[in-house]
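# Observations on the model geometry
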Amino acid sequence: MTEKYNNINYLIEFPEKYNNREKYPVIIFIHGAGSRGNDVNILKNQVIYKYKKEHADFPFILVLPQCHRDSWFDIFEQLQDFVMYISAQQYADKSRIYICGASMGGYTSYQLLMSLPDLFAAGAICCGGGMYWNAARINAPLLIFHGKEDTTVYPCESVNMYEALKRENKEAYLF
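As a starting point, this report considers the structure included with it.

Scanning all chains against the criterion turns up two salt bridges. The closest approach of N and O atoms between Lys-53 and Glu-13, which form a salt bridge, is 3.1 Å. A residue pair is termed long-range when its members are at least 10 positions apart, and Lys-53 in helix α1 (residues 47-54) and Glu-13 in strand β2 (residues 8-13) qualify at 40 residues. You can call Lys-53 partly exposed: its relative accessible area is 49%. Residue Glu-13 is classed as buried on the basis of its relative accessible area of 9%. Among the salt bridges present, the one from Asp-93 reaches Arg-96, with a minimum N-O distance of 2.7 Å. Look at Arg-96 and you get partly exposed, because its relative accessible area is 31%.

We now examine the sheet that holds β2. Hydrogen bonds between backbone atoms are what pair the strands of a sheet, whose relative direction is either parallel or antiparallel. Pairing is mixed in the open sheet, where eight strands are placed in the order β1-β2-β4-β3-β5-β6-β7-β8. Either end of the sheet is taken by a strand with one partner, and the two such strands are β1 (2-5) and β8 (172-174). Each strand axis lies, on average, 20° off the axis of its neighbour in the sheet, ignoring direction. In this structure, strand β7 (residues 142-145) lies alongside β8, joined through three bridges in parallel fashion. Across the sheet, Ile-144 pairs through a bridge with Leu-174, a residue of β8. Lying on the sheet, helix α2 (residues 76-87) is in contact with β1, β2, β3 (24-30), β4 (61-65) and β5 (92-102); it crosses β2 at an angle near 30°.

The next subject is the pairing of β1. In terms of strand pairing, β1 meets β2 through four bridges, oriented antiparallel. The partner of Lys-4 across the bridge, within β2, is Asn-9. Hairpin connection between β1 and β2: a loop of two residues separates the two successive antiparallel strands, and Asn-6 in this loop has a positive phi of roughly 50°.

Taken together, Leu-143, Phe-145, Tyr-173 and Phe-175 make up a surface patch of nonpolar side chains, about 380 Å² in accessible area. Structurally, Phe-145 can be placed in strand β7.

Turning to the state of the cysteines, a few remarks are in order. Under the counting rule described, the total for this entry stands at zero disulfides. Not engaged in a disulfide, the cysteine Cys-67 finds its nearest cysteine sulfur in Cys-127; these two sulfurs lie 16 Å apart. Here Cys-67 falls in the buried class, since its relative accessible area comes to 0%. Its sulfur unpaired, Cys-100 is 10 Å from the next cysteine sulfur, which belongs to Cys-126. You can call Cys-100 buried: its relative accessible area is 15%.

Definitions and limits used
Residues numbered from 1 in each chain as written. Predicted model: local features only at pLDDT ≥ 70, side-chain atom pairs only at ≥ 80, totals over all residues. Heavy atoms only, no water. Salt bridge = Lys/Arg side-chain N within 4 Å of Asp/Glu carboxyl O. Helix = DSSP H or I, 4+ residues; strand = E, 2+ residues; numbered from the N terminus. Buried < 20%, exposed > 50% of the residue type's maximum accessible area, 1.4 Å probe, protein only. Pairing = 2+ DSSP bridges. Axes fitted to C-alpha atoms, helices over the stretch in contact; angles between N-to-C directions. Contact = heavy atoms within 4.5 Å. Patch = residues over 30% accessible without salt bridge, like charges linked within 9 Å, V, L, I, M, F, W, Y side chains within 5 Å. Areas by Shrake-Rupley, 256 points an atom, 1.4 Å probe, with all protein chains shown as cover. Disulfide = S-S within 2.5 Å.

Limitation: the analysis is restricted to geometry and does not speak to function.
Here's what the structure looks like:
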């Protein structure tokens, strides 16, 4: 389902047997540079969206906002507001808000984890990086994925963040 909050268009998918009187875990997926624009339907090409569509028992509410500027950092305050809006919805279990991001969305996810350190229950970041010197601000356990032969976002970006998290005794796993 396509929705809009302020200037952010987004897709939202509910569990098959959604009950509006229940609370659900929410996954917020932050896409990479290739999905920027004003056509939210392009987000249907994201692997997580396809996975949800192929698995009727997917128990999460899936939210995919779309960046309408060059970078998520151009609209970062809007994105933070959007994330807070989603987490405050009646359907959202506030103890189970998850963040996932890939590439540009991975960088952005790290920044959201640092900026809203008490919001997320956990995260999964693919080929991202960030201000590893601020890793102490991240409170959520993380799964970090990065291909060794990536030439767009160098694998050292994920390694640097992982090592910084471990130095801060944070729960993180690098794959």
